[in-house]
Amino acid sequence: MRPIARAALLCCLLSPLPAAADGVDYSAHPRTPELLDTLRQRHGFSEPELQQVSAALAAARQLPQLISQEQKAPERTETWTQYSRRIDEARIRAGAALLREHREELSRAEFEYGVPPAVIAGILGIETRYGRITGGVRVLDALATQGFDHPTRSKFFFSELTEFFVLCRDAGFDPLQPKGSYAGAMGDAQFMPSNYRRLALDYDGDGQRDLWSLPDAIGSIANYFTHYQPDWRWRRGEPVAVPATLKGDALPKGAVANSRDNFYRVGDLVRAGLAPAMELPADTLVGIVELPLDDGGREYWLAFPNFYSIMTYNPRIFYAMAVAQLAQRVEAAAGATAP
């Protein structure tokens, strides 16, 4: 595995781990016994393995700036005009190249899981620029800081910290080595540890589930969309979203935008003044997506269930729309350059 130094846990125990430079010792945190007990009772950690976990926690660094980064994520703070700049020409060209260079894995993923190659490219493009930028924060530090210290989401991150130690044991990772995002997401596909454990695939057949490998990331993303959340699993052959035009200044009375819980028949929306840019059967059920622009205006789209499947990857409207639009642009670019 490229960025991860593999090491047997027993070997790690033979060499003392360095203490955290900032003096914070997470091994002495009041919640650490809970973590260790979960590893012991639920995951069968032995005493030597628990000692390794404690040693890793003692070496973890507290990085409070990561909490601020999580709270101020661009999906929460930017307008669509700002966020959509990620759909740039460099990403589009690189995405088209990905479709050519990894045609075999992408075609296999579409055959097995129904997820189109361009959508997988859209995820990889928005997440890590196709594996170029996978994060430089030590995952241990990110998850310890977020899990022990986050003011509102510590439960989620504490669970992911636990999953991270199980992943390290089962995959033979040295817990001090993997690097990822400020939230602890890893690899080209940016999976959190629980999803890495449950949904990552060895798609190139080398015996390792290596999400820093594009073939494994491609298969794992397709597997994710099929198995992560059954109610929102990818629907083979169905579209993602289409642009819409609103007549007037406001949505139809009672219409709710940007919600996974509110669907409307296309025919009813058309009669109320919100029309798709392409003809759709009147009884088609869609959600409404409303995107705020810098000039105070709004951009509208009609979203199909696959749009909300993308939102299981990141539950933000801007994120899903960026993936959807990048996928469309990548597919168009690849088609334009096809021999």
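Preceding this section is the structure that the text describes.
Residues numbered from 1 in each chain as written. Predicted model: local features only at pLDDT ≥ 70, side-chain atom pairs only at ≥ 80, totals over all residues. Heavy atoms only, no water.

**Focus: the sheet that holds strand β4 (residues 264-265)**
Strand order in this open sheet of 5 strands is β4-β6-β7-β3-β5, and the pairing throughout is antiparallel. The open sheet has two edge strands, β4 and β5 (274-276), and neither has a second partner. (Pairing = 2+ DSSP bridges. Helix = DSSP H or I, 4+ residues; strand = E, 2+ residues; numbered from the N terminus.)

**Points about the packing of aromatic side chains**
Per the stated rule, a full pass over the model turns up 21 aromatic pairs. By way of ring pairs, the aromatic residues Phe 191, Tyr 224, Phe 225, Tyr 228, Trp 234, Tyr 313 and Tyr 319 are connected into one cluster. A cation over a ring is seen here: Arg 31 above Phe 158, with NZ or CZ 3.7 Å from the ring centre. Residue placement shows Arg 86 over the ring face of Tyr 83; its charged tip is 4.2 Å from the ring centre. (Phe/Tyr/Trp six-rings, centres within 6.5 Å; stacked < 30°, edge-to-face > 60°. Lys NZ or Arg CZ within 6 Å of the ring centre and 35° of its normal.)

**A few points about the side chain of Glu 105**
Looking at the element boundaries, Glu 105 is found in helix α8 (residues 103-113). Buried and unpaired, Glu 105 has no salt bridge, with Arg 108 as the nearest side chain of opposite charge at 7.8 Å. Not counting the four nearest positions on each side in its chain, Glu 105 is found in contact with Tyr 203, Pro 215 and Ile 218. (Buried < 20%, exposed > 50% of the residue type's maximum accessible area, 1.4 Å probe, protein only. Lys, Arg positive; Asp, Glu negative; His and termini not counted. Salt bridge = Lys/Arg side-chain N within 4 Å of Asp/Glu carboxyl O. Contact = heavy atoms within 4.5 Å.)

**Overview of helix α3 (residues 47-59)**
With 13 residues, α3 should reach 18 Å at 1.5 Å per residue; the first-to-last C-alpha distance of 19 Å fits that figure. Turning to α3, its buried residues number three or more, namely Leu 50, Gln 52, Val 53, Ala 56, Leu 57 and Ala 59. (Expected span 1.5 Å × (residues − 1).)

**A short note on the pattern of salt bridges**
A complete count under the given rule lists 18 salt bridges for this structure. With its nearest N and O atoms 3.9 Å apart, the salt bridge here joins Glu 49 to Arg 169. Here Glu 49 is found in helix α3, whereas its partner Arg 169 is found in helix α11 (residues 154-171), with 120 residues between them in sequence. On the accessibility criterion, Arg 169 (22% relative accessible area) is partly exposed. Through salt bridges with shared partners, a single network forms among Asp 37, Arg 40 and Glu 47.

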